[in-house]
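One-letter residues, chain by chain:
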Amino acid sequence: MLTRLGAIPRTELASVPTPLIAAPALAEHLGTEVRIYVKADDRTGLGLGGNKVRKLEYELAPERLHGVTELVTAGGPHSNHCRVVAAAAAQLGLRCTLVINGQAEDPTRGNACLHRLLGAGIVTVPERQDREPAMKEEARRIGVAGGRALVVPVGASTPRGALGYVRAAVEMHRQIDSPAHVWIFVCTSSGGTLGGLILGCALLDWPVRLVGVSADEPAALAKDKAVGLALDAARLLGQRGLADSVRALSESVVTTDAFVGEGYGAATPAGDEAARVFGARAGLILDPVYTAKAAAAMLTWVRRERIPSSDQVVFLHTGGHPALFR
Ligand SMILES: *Cc1c(COP(=O)(O)O)cnc(C)c1O
């Protein structure tokens, strides 16, 4: 069942397995019998870690790097994805150009500071929609100069990148004592993480209840993106019946946009509260852009008793700490 996944080439970049941490004091504080775990993918290592590292293992597979001299990608001024791509480039001995929409404040802090520290060249464009053409132009410029660019799509949320979270699902399935009655809460934006988890659970025939908490877009769009990526990634595995299993599992996948607040990146009262609870009751640090909002959703579900007390919840920590220091 997992041999096809194992046969797909990747470049080892992540420190895995990341720990699955029990949070009994958090559960006690919430007054719930539900067992709560945190899958600490903030500890994937490379360039301060986070969920992008697992996706890049497949995006930057050795076969895709033949002759490549430079990685090109794009994001906002405080992009976690850009940080990890810049770190991967440096580790692999490649150059890196980041197309950034919008200017970082001066002095640069948080991820904007780290992009520079990791040696990336920065090209700024005014708007999000300017990123794609600018990446193409950078790739062309690199080619003219005798190099070769690999353009990494925003968020590395490609079918290939999603395979990183298929592996993560397999890892969690091995780590959890008894894999029955499990819910996984995860923040979703470009959809590769949730999409990979959907495919991974389908592949394992593991009936997890997945809850994707949107960081920006409407819930229906967030779900469509993730399911679409799961189906496309299933094709890479080429296993009969897998697409049907993905569709079946997708029926139980819930996405919510109720925790976005004023928009992408804007802190919310519920997110701030969740960050304080996770900090003081579990010793875990959340970021305000992604993980605090996903944690707020999880706390709400538990407090409203939407999760049966015999069940177990895994909160997937996707990283993002530099946003605390911007
Ligand atoms: C990118 C990111 C996400 C969203 O993951 P997607 O695969 O893009 O949906 C969640 N949390 C953090 C910290 C991120 O950097």
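Reference entry: report on the structure contained in this document. The model shown is predicted, which means the values in this text are computed figures rather than measured ones.

## Thoughts on the overall build of the chain
- The helix and strand tally for the chain stands at twelve helices and ten strands.
- The C-alpha atoms of the chain give 19 Å as radius of gyration, which agrees with the globular expectation for 326 residues (20 Å, within 12%).
- Referenced to the eigenvectors of the C-alpha coordinate spread, the extents of the chain come out at roughly 60 × 50 × 30 Å.
- By residue count, 54% of the 326 residues in the chain fall in the buried class.
- Pairs at least 24 apart in sequence give 80% of the contacts found in the chain among residues at least 6 apart.
- For the chain, the accessible surface area stands at approximately 13,700 Å², while carbon and sulfur atoms represent 51% of it.
- The average position of the 35 basic charges and that of the 32 acidic charges among the side chains of the chain differ by 3 Å.

## So, the layout of surface pockets
- Size it by volume and the largest pocket reaches roughly 680 Å³.
- What lines the largest pocket is a set of 38 residues, and nearest its centre among them are K52, S189, D216, Y264 and Y290.
- Elements supplying a minimum of two residues to the lining of the largest pocket: helix 3 (52–59), strand 3 (70–75), helix 4 (80–92), strand 7 (182–188) and helix 8 (192–204).
- With three residues, the single largest contributor to the lining of the largest pocket is helix 8.
- Residue composition of the lining of the largest pocket, by class: nine nonpolar, 20 polar and nine charged.
- Quantified by volume, the second largest pocket comes out at close to 190 Å³.
- L2, L5, G6, I8, R10, V16, P17, Y58, R167, V170, E171 and R174 are the residues that line the second largest pocket.

## Quick notes on the site of the ligand
- K52, K55, S190, T193 and T318 are the nearest of the 15 residues found near the ligand.
- Separating an oxygen atom of the ligand from a backbone N or O atom of G192 is a distance of 3.4 Å.
- In this structure, an oxygen atom belonging to the ligand sits 2.7 Å away from a side-chain N or O atom of T193.
- When the ligand is considered free in solution it has 380 Å² of accessible area, and contact with the protein chains removes 98% of it.
- In a pocket analysis with a 2 Å cut-off to the grid points, the ligand is assigned to the largest pocket.

## Quick look at the pattern of salt bridges
- Scanning all chains against the criterion turns up 13 salt bridges.
- Here R64 and E59 are joined by a salt bridge, their closest N and O atoms 3.2 Å apart.
- Judged by its relative accessible area of 27%, R64 is partly exposed.
- Here R235 and D232 are joined by a salt bridge, their closest N and O atoms 3.2 Å apart. Residue R235 and its partner D232 are located together in helix 9 (residues 219–237), separated by three residues, close to a single helical turn.
- Given a relative accessible area of 63%, R235 falls into the exposed group.
- Where salt bridges share partners, they join K39, D41, R54 and E171 into one cluster.

Conventions and cut-offs
Residues numbered from 1 in each chain as written. Predicted model: local features only at pLDDT ≥ 70, side-chain atom pairs only at ≥ 80, totals over all residues. Heavy atoms only, no water. Helix = DSSP H or I, 4+ residues; strand = E, 2+ residues; numbered from the N terminus. Rg over C-alpha atoms; globule rule 2.2 N^0.38 Å. Buried < 20%, exposed > 50% of the residue type's maximum accessible area, 1.4 Å probe, protein only. Contact = heavy atoms within 4.5 Å. Areas by Shrake-Rupley, 256 points an atom, 1.4 Å probe, with all protein chains shown as cover. Lys, Arg positive; Asp, Glu negative; His and termini not counted. Charge placed at Lys NZ, Arg CZ, Asp CG, Glu CD. 1 Å grid on protein atoms, 1.4 Å probe; cavity = no way out; pocket = protein on both sides within 12 Å on 5 of 7 lines; lining within 4 Å. Points joined across faces, edges and corners; volume = space filled by probe spheres on them. Nonpolar A, V, L, I, M, F, W, Y, C, P; charged D, E, K, R; others polar. Near = heavy atom within 4 Å. Polar contact = N/O pair within 3.5 Å; in protein donor to acceptor, adjacent residues only side chain to side chain. Sits in = over half its atoms within 2 Å of the grid points. Salt bridge = Lys/Arg side-chain N within 4 Å of Asp/Glu carboxyl O.

By themselves, these observations are geometric and do not establish any function.
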